[in-house]
Amino acid sequence: MEDHAWPYERPPDALGAVVHGPALLARHAGITVGLRCVFAHSTGLHLPLVLAARGQAADRAGAISFGAGESQPVLRLAVTMNGRRGPVESAQTEARGGSGRFDQQSTSWVGELPGDGRLRLTVAWPEIGLASTHTDLVLHGLTDLDARAIPLT
């Protein structure tokens, strides 16, 4: 397996085809991470994630996300496909929290399609108690994506 850092990119403006989802990616000690769906475009995959933390995990996430500091750790996402694995930076992240609640939504883009339809997602945020967790997905309907995308402009 080759290590690879998926370059930071924003998803296209068009609406892609839904090829999987929703999926629960992790649940542990007051933390739940889900994938709303996988949107496929001919040029890659759009991955919208949600994280909900409650109790102590939420308090830690809020302190990290909204506190002062040079580096703010966040939910980490790594993708494995086509014989490569590596981190994916979020193109957009929104978070809110307080009083034992923390909710985060993020969206990421992977500028490639899995040749065999298989995608492994790994999520982690060890600073709040979420150890690295893997989920293997099989994507369906990866053909004719240009014709199925809906332009917004």
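This text gives an overview of the structure that appears in the document.

What counts and what doesn't
- The residue numbers shown here count from 1 along each chain, following its written sequence.
- Given that this is a predicted model, residues contribute local features only at a pLDDT of at least 70 and side-chain atom pairs are listed and counted only at 80 or more, while totals for whole chains, interfaces and linings are drawn from all residues.
- The side-chain values count all of the structure's non-hydrogen atoms but skip hydrogen atoms and water molecules.
- DSSP bridges decide pairing: two strands pair if at least two such bridges lie between them.
- Helix numbering and strand numbering both begin at the N terminus, where a helix is a DSSP run of H or I of at least 4 residues and a strand a DSSP run of E of at least 2.
- Only residues whose relative accessible area exceeds 30% and that form no salt bridge enter a patch; like-charged residues are grouped when within 9 Å of one another, and nonpolar side chains (Val, Leu, Ile, Met, Phe, Trp, Tyr) when within 5 Å.
- Surface exposure here means Shrake-Rupley accessible area, sampled with a 1.4 Å probe, where a residue is shielded only by the protein chains that are shown.
- Here, a salt bridge means any Lys or Arg side-chain nitrogen found within 4 Å of an Asp or Glu carboxyl oxygen.
- With a 1.4 Å probe rolled over the protein chains alone, any residue whose accessible area is under 20% of its type maximum counts as buried; one over 50% counts as exposed, and the rest are partly exposed.

### Re the sheet that holds strand β7 (residues 76-81)
Point 1. Pairing is mixed across the open sheet formed by 5 strands, whose spatial order is β1-β8-β7-β11-β12. This sheet does not close on itself; its edge strands, each paired only once, are β1 (2-3) and β12 (130-138).
Point 2. Looking at chain direction, β1 and strand β8 (residues 84-88) are connected through 2 bridges and run parallel. Considered in β8, the bridge of Glu-2 is made with Arg-84.

### Quick word on a nonpolar patch on the surface
Point 1. Taken together, the side chains of Leu-15, Ile-150 and Leu-152 define a hydrophobic patch exposed on the protein surface, amounting to about 290 Å² of accessible area.
Point 2. Topologically, Leu-152 is positioned in the segment after α2 (145-148).

### Examining the pattern of salt bridges
Point 1. A complete count under the given rule lists 5 salt bridges for this structure.
Point 2. Its salt-bridge partner being Asp-3, residue Arg-85 comes within 3.2 Å of it at the nearest N-O pair. Within this pair, whereas Arg-85 is found in strand β8, its partner Asp-3 is found in strand β1, the two being separated by 82 residues in sequence.
Point 3. Given the relative accessible area of 40%, Arg-85 is considered partly exposed.
Point 4. A residue is classified by how much of its surface remains accessible, and Asp-3, at 60% relative accessible area, is exposed.
Point 5. Salt-bridge contacts for Arg-54 lead to Asp-103; the nearest nitrogen and oxygen are separated by 3.2 Å. Taken together, the residues Arg-54 in strand β6 (residues 44-54) and Asp-103 in strand β10 (residues 101-110) connect sequence positions 49 residues apart.
Point 6. Take Asp-103: its relative accessible area is 17%, and that puts it in the buried class.

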